[in-house]
Amino acid sequence: MVGTVERVHNSSFYNGSLPHSNGAEEKLNELRRLLGKSEGDLLKIVSIGAGAWGSVFAALLQDAYGHFREKVQIRIWRRAGRAVDKSTAEHLFEVINSREDVLRRLIRRCAYLKYVEARLGDRTLHADEILKDGFCLNMIDTPLCPLKVVTNLQEAVWDADIVINGLPSTETREVFEEVSKYWKERITVPIIISLAKGIEASLDPVPRIITPTQMISYATGIPIENILYLGGPNIASEIYNKEYANARICGAEKWRKPLAKFLRQPQFIVWDNSDLITHEVMGGLKNVYAIGAGLVAALTKESATSKSVYFAHCTSEMILITHLLSEEPEKLAGPLLADTYVTLLKGRNAWYGQMLAKGELNLDMGDSIKGKGTIQGVSAVNAFYELLSQTCLSVLHPKGNKPVAPVELCPILKTLYKILIKRELSTESILQALRDESMYDPRERIEMTKSHAIYKPSLLGQPCGIKN
């Protein structure tokens, strides 16, 4: 894979526009027609939130379509005022000088001097300022193309045709409640593509999961048919470095099929699927178990045996949970395992678990970490535990043949909750959960899903008898 990255760095299209021969203009024209755009009327796309994935997504669109300036406008919003500390500025300077293409670009734009001054401590850079030059604060080592940055939320969204939600799930509701104020006078309904992977728990009137697309719909009044979820087994920096990747865009057929075509690039294949909410929930679920994987890896000094034992237990719990959430869980197995695998290999949630176990981070620092952004698995642990501990969702225990709350069949989830949320246990307790001699074979947990009807449609807000 290293060779692939080196070839990309030497490409004249790296960190800039893709070749016109990709059919980009035809795809852009097709989407413009679908949205009723007339000649001279810009298709306006804005990404809300400038974390790693949100920034990369905006940069991919800018690279592919940004040179069609008379047809499309691509911008990204992030809050103003976030200062770049001196150590990050020093590292950023090293990255710039290690990349000839980036160095030349900054010199041409007369932007290099400010990075020299920041390196010397003579100037304070801000996150929105460096984003214009293609540097995401959560992904300094991967320079992007220059981006059009807006710091005023009203200006960013008020007439946008397509809005990308690149916010953490924990911030989605609040920001889109503000967005809704600027859409009161809108005539047309925008399309929203959410990249967020996380959930909230609602216990009243019945226990159920609330996903970011639902948060957006509740906050803005935009019908769910106009809100889509895009997720897949990928790492943002590797996607921008042109590693081959794939993703799924989920939602109503009217929009998901044309958007899948619009977003597809030679190295980034986008499929489409109708199952919006369940795929979205699965995107949050894998973050839960990725934190535990990081803990185990660090505590056992990367023991392959220990990590495989953990993987057997955590995947059996995820299988159980998918059977609770979906009437046809087998359709989710591939995407969920692929997304889990890549997150365990290199995702921020696994990294967070490793840093906690090594003592380089502690829980008092919160779940928003410098250089990484929000660790969404922490809130997801809390939400899944709260939901699955409700006795009204009871299932039969495979050993005692008595009803228990689903969380009683998920010892890894219980232990993560006690470590991360309640703070009753040390990080080492995750190993005890694996070594518990009373724990039954994870195969039995999987067998249980086959022999018992444990599907709980109410968890996703579905009445009984209605398929997802």
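If you're wondering where the values come from, they're calculated on a predicted model, not measured in any experiment. (Residues numbered from 1 in each chain as written. Predicted model: local features only at pLDDT ≥ 70, side-chain atom pairs only at ≥ 80, totals over all residues. Heavy atoms only, no water.)

**Observations regarding the overall build of the chain**
Then, in step 1: For the chain, the count of helices and strands is 20 helices and 14 strands.
Then, in step 2: The C-alpha radius of gyration of the chain comes to 23 Å, within 12% of the 23 Å expected for a compact globule of 468 residues.
Then, in step 3: Based on the C-alpha atoms only, the size of the chain along its principal axes is roughly 70 × 50 × 40 Å.
Then, in step 4: Evaluated residue by residue, the chain yields a buried proportion of 56% over its 468 residues.
Then, in step 5: Considering only residue pairs separated by 6 or more positions, the chain has 72% of its internal contacts joining residues 24 or more positions apart.
Then, in step 6: For the chain, the accessible surface area stands at approximately 20300 Å², while carbon and sulfur atoms represent 50% of it.
Then, in step 7: Side chains of the chain carry 57 positive and 54 negative charges; the gap between the two charge centres is 2 Å. (Helix = DSSP H or I, 4+ residues; strand = E, 2+ residues; numbered from the N terminus. Rg over C-alpha atoms; globule rule 2.2 N^0.38 Å. Buried < 20%, exposed > 50% of the residue type's maximum accessible area, 1.4 Å probe, protein only. Contact = heavy atoms within 4.5 Å. Areas by Shrake-Rupley, 256 points an atom, 1.4 Å probe, with all protein chains shown as cover. Lys, Arg positive; Asp, Glu negative; His and termini not counted. Charge placed at Lys NZ, Arg CZ, Asp CG, Glu CD.)

**Description of empty space enclosed by the protein**
Unfilled space is identified by rolling a water-sized probe across the atoms.
Then, in step 1: One pass over the structure, following the stated rule, counts 3 cavities of 30 Å³ or more.
Then, in step 2: Reported here for the largest cavity is a volume of approximately 150 Å³.
Then, in step 3: Contributing to the lining of the largest cavity are 14 residues, with Gly231, Gly232, His279, Pro335 and Asp339 lying nearest its centre.
Then, in step 4: Broken down by secondary-structure element, the contributors of at least two residues to the lining of the largest cavity are strand E8 (227-231), strand E9 (245-250), helix H13 (276-299) and helix H15 (333-346). (1 Å grid on protein atoms, 1.4 Å probe; cavity = no way out; pocket = protein on both sides within 12 Å on 5 of 7 lines; lining within 4 Å. Points joined across faces, edges and corners; volume = space filled by probe spheres on them.)

**Digging into the side chain of Thr343**
Then, in step 1: With respect to the helices, strands and loops of the structure, Thr343 is situated in helix H15.
Then, in step 2: Its relative accessible area of 5% is what places Thr343 among the buried residues.
Then, in step 3: A polar contact of 2.7 Å, which involves the side chain of Thr343, links it to the backbone oxygen of Asp339.
Then, in step 4: Excluding residues within four positions of it along the chain, Thr343 makes contact with Lys286, Asn287, Ala290 and Ala350. (Polar contact = N/O pair within 3.5 Å; in protein donor to acceptor, adjacent residues only side chain to side chain.)

**Let's talk about the packing of aromatic side chains**
Then, in step 1: For the structure on display, the rule yields 6 aromatic pairs.
Then, in step 2: Centroid distance Trp53 to Phe57: 5.6 Å. Interplanar angle 85°. Geometry classified as edge-to-face. Note that Trp53 and Phe57 are positioned in helix H3 (residues 52-65) at a spacing of 4 residues, about one turn of the helix. An identical accessibility class is assigned to Trp53 and Phe57; each is buried.
Then, in step 3: Judged by centre distance (6.2 Å) and plane angle (80°), the ring pair of Trp53 and Phe268 falls under edge-to-face. Here Trp53 is found in helix H3, whereas its partner Phe268 is found in strand E10 (residues 268-273), with 215 residues between them in sequence. Residues Trp53 and Phe268 agree in their burial class; the two are buried. (Phe/Tyr/Trp six-rings, centres within 6.5 Å; stacked < 30°, edge-to-face > 60°.)

**Things to note about the nonpolar core**
Then, in step 1: In this structure, Tyr289, Tyr310, Tyr352, Phe384, Leu413, Leu416 and Ile430 are the most contacted members of the largest nonpolar core, which totals 61 residues.
Then, in step 2: Taken together, the elements giving at least two residues each to this core come down to H13, helix H14 (304-325), helix H16 (348-358), helix H17 (376-388), helix H18 (411-420) and helix H19 (429-435).
Then, in step 3: Sort the elements by how many residues they give to this core and H13 lands first, with 12 residues.
Then, in step 4: Ignoring any residue separated from it by four or fewer positions in sequence, one finds Phe384 in contact with Ile199, Ile209, Val281, Gly284, Leu285, Val288, Ile321 and Leu413.
Then, in step 5: Judged by nonpolar contacts, the second largest core, of 47 residues, contains Ala50, Ala52, Val149 and Ile193. (Core = buried A, V, L, I, M, F, W, Y, C linked by side-chain atoms within 4.5 Å.)

**Remarks on the environment of Ala350**
Then, in step 1: With respect to the element layout, Ala350 can be found in helix H16.
Then, in step 2: Excluding its chain neighbours within four sequence positions, the residues that come into contact with Ala350 are Ala290, Ile291, Gly294, Thr343 and Leu344.

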